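# Examination of the molecular architecture
Listed here are the chains, written in short residue letters.
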Amino acid sequence: MVNKKHRAFLKWAGGKYNLVEPITALLPEGNKLIEPFVGAGSVFLNTDYDQYVLNDVNPDLIALFKIIKRRPQTFINDARKLFHPRNNSSDAYYHLREVFNQSDDSYQRALLFLYLNRHGYNGLCRYNRSGRFNVPFGQYGKPYFPQAEIEVFAEKAQRATFTCMSFEKVFRRARKGDVVYCDPPYAPLTATANFTSYATAGFSLDQQHELARRAAHAAHKRGIPVLISNHDTDLTRLLYADADLQSLQVARFISPKADGRTKVAELLALYAPNVSGANVISLAQMKRKVAL
């Protein structure tokens, strides 16, 4: 664990800043930390591995990270101009959101991605089926420009390789000596019997199951430890039955107001090498058990 706790420069739903301590306490030592679902990068920023592979399926996020790694000061100087009071209105926001959606220039999209993240509702990152960013205006008094956080990220990013691919491909690239931390789109807090319609942020039950299967295989067959975070539910306990489980309560903001804070049970599942794991429960068995 690094000495000073660092915040990510992006606001991020489900960000792990408040869970850094229990996560880092469970992460084993290794040469390289691999994150198939890096998000805003709180775990990356608060660990101290020699190397990192930071992956996400969002190409805008990864392009932003690569640009900040290469030329942070230029990016800071240009992005600051967007944080002018005249751009903190609904008209300006929706105009710039449209510019972002029509742009195919990676640098312009990176600048606007930060602007939209800090001026949009609750820091959400959401696209419609056509791939257009559609988060509404956030109505903040004075959106914060995260210069110091960007500078910390840029310095740390010199140790990182950024990739944009599926988690399956990331797992295939892991090698003994690496450590994998997974923060996938979370399973729902309540499950229904109709699993055919189950999906959260485009991450299906099949994908949740496949992630658990690959984590168990990486640890027990390849000697690569894997830590996964998710909601603590009957479903996830079945998914991660082959792992060491730790449950904890964490405050979650479910509305922009402070009184929207609630406690949610989180689960940390550690797949450790040198443990003879049982077979991962089959998808059909899991559907029957949770549906009962």
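Residues numbered from 1 in each chain as written. Predicted model: local features only at pLDDT ≥ 70, side-chain atom pairs only at ≥ 80, totals over all residues. Heavy atoms only, no water.

## Observations concerning the overall build of the protein chain
What counts here: Secondary structure elements follow DSSP: runs of H or I of four or more residues count as helices, runs of E of two or more count as strands, with numbering from the N terminus. Burial status follows relative accessibility: with a 1.4 Å probe on protein chains alone, a residue under 20% of its type maximum counts as buried, one over 50% as exposed, and anything between as partly exposed. Contact definition: two residues touch when any of their heavy atoms are within 4.5 Å. Shrake-Rupley sampling with a 1.4 Å probe provides the accessible areas, and residues are treated as covered by the protein chains on show and by no other component.
From N to C terminus, the protein chain includes eleven helices and nine strands. Split into buried and exposed, the 292 residues of the protein chain put 50% on the buried side. For the protein chain, contacts bridging at least 24 residues in sequence account for 69% of all contacts bridging at least 6. In the structure as shown, the protein chain presents an accessible area of about 14400 Å², 48% of it carried by carbon and sulfur atoms.

## With respect to unusual backbone geometry
One non-glycine residue, Asn-122, lies in positive phi territory at about 60°. Relative to the assigned elements, Asn-122 resides in the loop between α6 (106–119) and α7 (147–156). Of note in the backbone geometry, Gln-139 takes a positive phi value of approximately 60° without being a glycine. Turning to its location among the elements, Gln-139 is positioned in the loop between α6 and α7. Accessibility expressed as a relative area gives 67% for Gln-139, which makes it exposed.

## A short note on the packing of helix α4 (residues 72–80) against α6
Definition in use: Throughout, an axis means a line fitted to C-alpha atoms (over the contacting stretch in the case of helices), and angles, computed between N-to-C directions, take values from 0 to 180 degrees. Between 65 and 115 degrees an angle is taken as roughly perpendicular, under 35 as roughly parallel, over 145 as roughly antiparallel, and anywhere else as oblique. Here is the rule for handedness: rotate from the far helix to the near one, and if that takes an anticlockwise turn smaller than a right angle the crossing is left-handed, while a clockwise turn gives right-handed. Each residue is assigned to one of three groups, with Ala, Val, Leu, Ile, Met, Phe, Trp, Tyr, Cys and Pro labelled nonpolar, Asp, Glu, Lys and Arg labelled charged, and all others, Gly among them, labelled polar.
Direction vectors running N to C along α4 and α6 enclose 60°, while the axes themselves pass 10 Å from each other. The orientation of α4 relative to α6 falls into the category oblique. Crossing of α4 over α6 shows right-handed handedness. Taking contact as the criterion, the partners of Thr-74, Phe-75, Asp-78 and Ala-79 in α4 are, on α6, Tyr-107, Ala-110, Leu-111 and Leu-114. For the contact of α4 with α6, the per-class residue count stands at six nonpolar, one polar and one charged.

## Considerations on the UniProt feature "binding site: S-adenosyl-L-methionine" (unreviewed entry) in the protein chain
The condition is simple: UniProt positions are given in the numbering used here, feature names are shortened, and annotations may be inferred rather than shown by experiment.
Per the UniProt annotation, the sites labelled "binding site: S-adenosyl-L-methionine" (unreviewed entry) are Trp-12, Lys-16, Asp-56 and Asp-183. Examined against the element boundaries, Trp-12 turns out to sit in the segment before α1 (20–26). Once residues within four sequence positions are removed from consideration, Trp-12 is found in contact with Gly-39, Ala-40, Leu-61, Phe-113, Asn-117, Gly-123 and Cys-125. Judged by relative accessible area, Asp-56 falls into the buried class, the value being 12%.

## A word on the pattern of salt bridges
Inclusion rule: One side-chain nitrogen of Lys or Arg within 4 Å of one carboxyl oxygen of Asp or Glu is enough to make a salt bridge.
If you walk through the whole model with that rule in mind, you get nine salt bridges. The shortest N-O distance in the salt bridge between Lys-5 and Glu-21 comes to 3.2 Å. Of the two residues, Lys-5 sits in the segment before α1 while Glu-21 sits in helix α1, which places them 16 residues apart along the sequence. The exposure class assigned to Lys-5 is partly exposed, which follows from its relative accessible area of 26%.

## Looking at the packing of aromatic side chains
The condition is simple: The criterion for an aromatic pair is that two Phe, Tyr or Trp rings (for Trp, the six-membered ring) have centres within 6.5 Å, with stacked assigned to planes under 30 degrees apart, edge-to-face to planes over 60 apart and tilted to the rest.
Here the structure, examined in full by the defined rule, presents 19 aromatic pairs. Summarising the aromatic geometry, the rings of Phe-9 and Phe-65 are spaced 6.0 Å apart at their centres and angled 75° between planes, so their arrangement reads as edge-to-face. With Phe-9 in the segment before α1 and Phe-65 in helix α3 (residues 59–70), the pair connects residues that are 56 residues apart, well separated along the chain. Both residues of the pair, Phe-9 and Phe-65, belong to the buried class.

## Observations regarding the nonpolar core
What counts is decided by this rule: Here the nonpolar core consists of buried residues drawn from Ala, Val, Leu, Ile, Met, Phe, Trp, Tyr and Cys, with membership extended through side-chain atoms lying within 4.5 Å.
Phe-65 and Phe-75 are the most contacted members of the largest nonpolar core, which has 54 residues in total. Among the elements that line this core, the one with the most residues is α6, at eight residues. Setting aside chain neighbours within four positions, we find Phe-75 in contact with Leu-64, Ile-67, Ile-68, Tyr-107, Ala-110, Leu-111, Leu-114 and Ile-150.

## Observations concerning the environment of Ala-13
Note on placement: Ala-13 falls in the segment before α1. In this structure the C-alpha to C-alpha distance between Ala-13 and Leu-124, which are 111 residues apart in sequence, comes to 6.2 Å. Among residues more than four places away in sequence, those in contact with Ala-13 are Gly-123 and Leu-124.

## Section: the environment of Lys-169
You can see Lys-169 is positioned in helix α8 (residues 167–173). The exposure class of Lys-169 is partly exposed, given its relative accessible area of 44%.

## Notes on the confidence of the model for the protein chain
Defined as follows: Every residue gets a pLDDT, meaning the predictor's confidence in that residue, from 0 to 100.
Confidence in the prediction of the protein chain, expressed as mean pLDDT, is 89, and 85% of residues score 70 or more. Counting interchain partners and residues more than four positions distant, the pLDDT-below-50 stretch residues 193–200 has 17 contacts.

## Some details on the pairing of strand β2 (residues 51–55)
Using the following cut-off: Only strands that DSSP links by at least two bridges are regarded as paired with each other.
Most of β2 sits out of view: four of its five residues are buried. Relative to β2, strand β1 (residues 32–35) runs parallel, the two sharing four bridges. If you follow Leu-33 over to β2, its bridge partner there is Tyr-52.

## Topic: the side chain of Glu-266
Our working definition: Two N or O atoms form a polar contact when they lie within 3.5 Å of each other; inside protein one atom must be a possible hydrogen donor and the other a possible acceptor, and for residues adjacent in sequence the pair counts only when both atoms belong to side chains.
The topology assignment puts Glu-266 in strand β9 (residues 261–271). In terms of polar contacts, Glu-266 uses its side chain to reach the side chain of Tyr-186, at 2.7 Å.

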